[in-house]
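So you can see what is in the structure, the chains are spelled out below.
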Amino acid sequence: MSTITTEELAETTLLRFATAGSVDDGKSTLVGRLLHDSKSVLTDQLEAVERVSASRGQEAPDLALLTDGLRAEREQGITIDVAYRYFATPRRRFILADTPGHVQYTRNMVTGASTAELTVILVDARNGVVEQTRRHAAIAALLRVPHAVLAVNKMDLVGYEEKVFAAIAEEFTAYATELGVPEVTAIPISALVGDNVVEPSANMDWYGGPTVLEHLETVPVAHDLSHCHARLPVQYVIRPQGPDHPDYRGYAGQIAAGSFHVGESVTVLPSGRASKISGIDLLGEPVDVAWTTQSVTLLLEDDIDISRGDLIVPSKDAPATTQDIEATVCHVADAPLTVGHRVLLKHGTRTVKAIVKDIPSRLTLDDLSLHPHPGQLVANDIGRVKIRTAEPLPVDSYADSRRTGSFILIDPNDGTTLTAGMVGESFAAPEPVKDDSEDDGWDF
Amino acid sequence: MTTAATVSEETDSPYALSHLDALESEAVHIFREVAGEFERPVILFSGGKDSIVMLHLALKAFRPASVPFSLLHVDTGHNFPEVLDYRDRTVEKHGLRLHVASVQDYIDRGVLKERPDGTRNPLQTLPLTEKIQQERFDAVFGGGRRDEEKARAKERVFSLRDEFSQWDPRRQRPELWNLYNGRHAPGEHVRVFPLSNWTELDVWQYIAREGIELPQIYYAHEREVFSRNGMWLTAGEWGGPKDGETVEKRLVRYRTVGDMSCTGAVDSEADSIEKVIVEIAASRLTERGATRADDKMSEAAMEDRKREGYF
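Residues numbered from 1 in each chain as written. Chains lettered and ligands numbered in written order. Predicted model: local features only at pLDDT ≥ 70, side-chain atom pairs only at ≥ 80, totals over all residues. Heavy atoms only, no water.

An unreviewed UniProt entry lists chain B under the name Sulfate adenylyltransferase subunit 2, from Streptomyces luteogriseus. Here chain B is described in UniProt, under the heading Sequence similarities (unreviewed entry), as follows: "Belongs to the PAPS reductase family. CysD subfamily." (UniProt positions renumbered as here; feature names shortened; annotations may be inferred.)

As annotated in an unreviewed UniProt entry, chain A carries the name sulfate adenylyltransferase and is attributed to Streptomyces luteogriseus.

Below you can see the structure in the form of structure tokens.
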């Protein structure tokens, strides 16, 4: 894929994915190879890497320099923050959330996974499934990332043995399935040598599945909308002041889930007022139907009071509104979250006052054990939280809708983003994962 | 070991958006969030392709109403005349309000000092940040893309700046889902980057799809240029050519548009948008690596300027 032809530049689809892996699992090498082989590392960038590597006395170019962009990262030789990378093949465009592997950066993996449709979890074939792998799988399950890839790396160091790969893949898949990860694809690779990253490996003819890139190019990116609850958080009311559109009053927003069509009966929450869709404008052009994640403007038959923060839903499929939210959260700020904390809660386009009523438990990601009533959550902690809001909110379960089932907590004093929240049950597992360390039961 | 690893050619449902539609929808969402949450937003408008695409997206986001933002141009005093002309026509056409922060004014008043190398890009920061304070802008849209540079790869879509307009990469707010946090104290502002997830190629494909007019210097044309530090620069009052540098006529175009003193042209025969796209898709150089001198000053040049308030 050295040159891209004009036909191949036709519009393709976009896949957002995240990588996760421990420090020495070869994540940078994998990312570097994906970028490099898809022609996304250009000559001047490579030259810069070679120049810096040489000035440090390194013999080979250090591909991690491509992805570690900040001074502190280069100084310490670690990645401290999520970075977004872009590459393309003739079949698809990719946005890669490159997240650090350190334990203390759980919040960064949560950030990367929140918008990802796929997670690549790396393991070292010599070590197999380790605590860090379980942590990554648990985060992917918590954030309900629809697809997971287990990349068993460094296969060259275990003699390309099928049984090594099979054992790791089986152990991981069983664990991830138990957590409710809907789809796991295991791929044996060597990021260093290039086996099964972009090109199929000549060293593992026992493997008949896709390469990493092939899988990324072909995994489905949109879901069947027929099962989705349609939701439109109102961002802004469009009311032209000019004489051409004296009566135009449109409710602008990005469809968070499902689809809307002209003529449909809708209800506006939290007020509960009902009307019918009289028109849909897709960035200025009228359409009959629109779906997630299009940014649209809805026009209604009745002139009812609607403003930013309201949620438009089909009348036949309206969520209940509530002032008591129970959620799994990941605390992302340095200052702790405590019971009694007064916060702002942003859900969709609405921001309301809220108070943390209770923190029933904290989750240990290593073994999924629960620590009851931890009193507070500190940075990178994942826990269960009960929140009372000042106004009723139409929240969905995160299991049903990643957009209308999620929220953030904000410090009202300085605006810091404190916490990422997911409403409802934590894991999609049909059966709760066994919890031997605590006997107060599984409430995640 | 693979629970569902079927690889088929039928990958996407009919509801999957094309990558350009997905990027467009995301950018529109960002514009509308700012319109809904801020008092005094402004769009940085240089007349370069990224800011032109930004304005195009803003126009689409609020149709049939007009754009609820004004424009701000940081005029280095070394702008391409074609670009200034484009700027003024655009402002006129859409009935917008334009604010100008002038580097030349600062030099004339003795507040800023001309650099020995003649480049004015680093001098933009002070006029920009003072204008933001004077006008009390609370949200400032920039056309920066994360694919441009590795410090920018770490930039948030909503990027909080303190009262000195400084960027602190270690104190950035995590951005989760599409829940952007625009909270800021009086005196602080938020830089907003609706094109964060776009690449140079996406921008060009979108320009082609939407039929957006650009200043002609983006397309191949004959121009008198001279070589400095491996770049073709346009002669002008800003200080080139110097002794030993000779002017010649070449067929060139620009990949980025900035201050004339540090924005280089590339040899090109691409005189149409289709040819430009093919050329970019085959290029082995990033746009900044090819044509921006200021990014080559040090390993962390962009990060350092961003910390000071550059956009």
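Glancing now at the overall build of chain A. Helix and strand counts for chain A come out as eight helices and 25 strands. Taking all 444 residues of chain A together, the buried fraction comes to 60%. For chain A, restricting intrachain contacts to residue pairs at least 6 apart in sequence, the fraction spanning at least 24 positions comes to 69%. On chain A, roughly 17,000 Å² of surface is accessible, and the fraction owed to carbon and sulfur atoms is 48%. (Helix = DSSP H or I, 4+ residues; strand = E, 2+ residues; numbered from the N terminus. Buried < 20%, exposed > 50% of the residue type's maximum accessible area, 1.4 Å probe, protein only. Contact = heavy atoms within 4.5 Å. Areas by Shrake-Rupley, 256 points an atom, 1.4 Å probe, with all protein chains shown as cover.)

This next bit is on empty space enclosed by the protein. For the structure shown, the criterion picks out seven cavities of 30 Å³ or more. For the second largest cavity, the calculated volume is near 120 Å³. Around the second largest cavity sit 13 residues that line it, and A:P233, A:G348, A:T349, B:H29 and B:N178 are the ones nearest its centre. A breakdown of the residues in the lining of the second largest cavity according to their chemical character gives three nonpolar, seven polar and three charged. (1 Å grid on protein atoms, 1.4 Å probe; cavity = no way out; pocket = protein on both sides within 12 Å on 5 of 7 lines; lining within 4 Å. Points joined across faces, edges and corners; volume = space filled by probe spheres on them. Nonpolar A, V, L, I, M, F, W, Y, C, P; charged D, E, K, R; others polar.)

A few words on the sheet that holds strand β1 (residues 13-20) of chain A. With mixed pairing, six strands are arranged side by side in an open sheet as β2-β3-β1-β4-β5-β6 (chain A). Edge positions in the open sheet fall to β2 (83-88) and β6 (184-188) of chain A, since each of these has one partner strand only. Averaged over neighbouring strand pairs, the angle between their axes works out to 25° when direction is ignored. Sheet strands touched by helix α7 (residues 162-179) of chain A: β4 (118-124), β5 (147-153) and β6 of chain A. Its angle to β6(A), the strand with the most contacts, is close to 160°. Sitting on the sheet, helix α1 (residues 19-37) of chain B touches β1 and β3 (92-98) of chain A, and the angle it makes with β1(A) is about 75°. (Pairing = 2+ DSSP bridges. Axes fitted to C-alpha atoms, helices over the stretch in contact; angles between N-to-C directions.)

Within this structure's numbering, the places UniProt gives as "domain: Phosphoadenosine phosphosulphate reductase" (unreviewed entry) are residues 41-264 of chain B. The span residues 41-264 of chain B shows a helical share of 25% and a strand share of 20%, and its end C-alpha atoms are spaced 31 Å apart.

Turning next to the domain arrangement of chain B. Interface size, as often reported, equals the accessible area lost upon joining of the parts. All names here are of chain B. By the assigned domains, chain B splits into domain 1 (19-201 + 300-308) and domain 2 (216-296). For domain 1 versus domain 2, the distance between C-alpha centres works out to 24 Å. Across the contact, 23 residues belong to domain 1 and 23 residues belong to domain 2. Between domain 1 and domain 2, the buried area comes to about 2,000 Å², and carbon and sulfur atoms account for 53% of it. Looking only at domain 1, the three residues that lose the most surface to domain 2 are H78, F80 and E200, adding up to 32% of its buried area. The tally of links from domain 1 across to domain 2 stands at two salt bridges. For R255, the salt bridge is made with E200, and the minimal N-O distance between the two is 2.9 Å. Between the two partners, domain 1 and domain 2, sit six residue pairs in polar contact (both at pLDDT 80 or more). Those elements that place two or more of their residues in the side of domain 1 that touches domain 2 are α3 (81-94), α6 (200-210) and α9 (301-308). For the side of domain 1 that touches domain 2, the element with the highest residue contribution is α9, accounting for three residues. Split into classes, the residues belonging to the side of domain 1 that touches domain 2 amount to six nonpolar, eight polar and nine charged. (Domains from an automatic or database assignment. Buried area = accessible area lost by both parts, 1.4 Å probe. Salt bridge = Lys/Arg side-chain N within 4 Å of Asp/Glu carboxyl O. Polar contact = N/O pair within 3.5 Å; in protein donor to acceptor, adjacent residues only side chain to side chain.)

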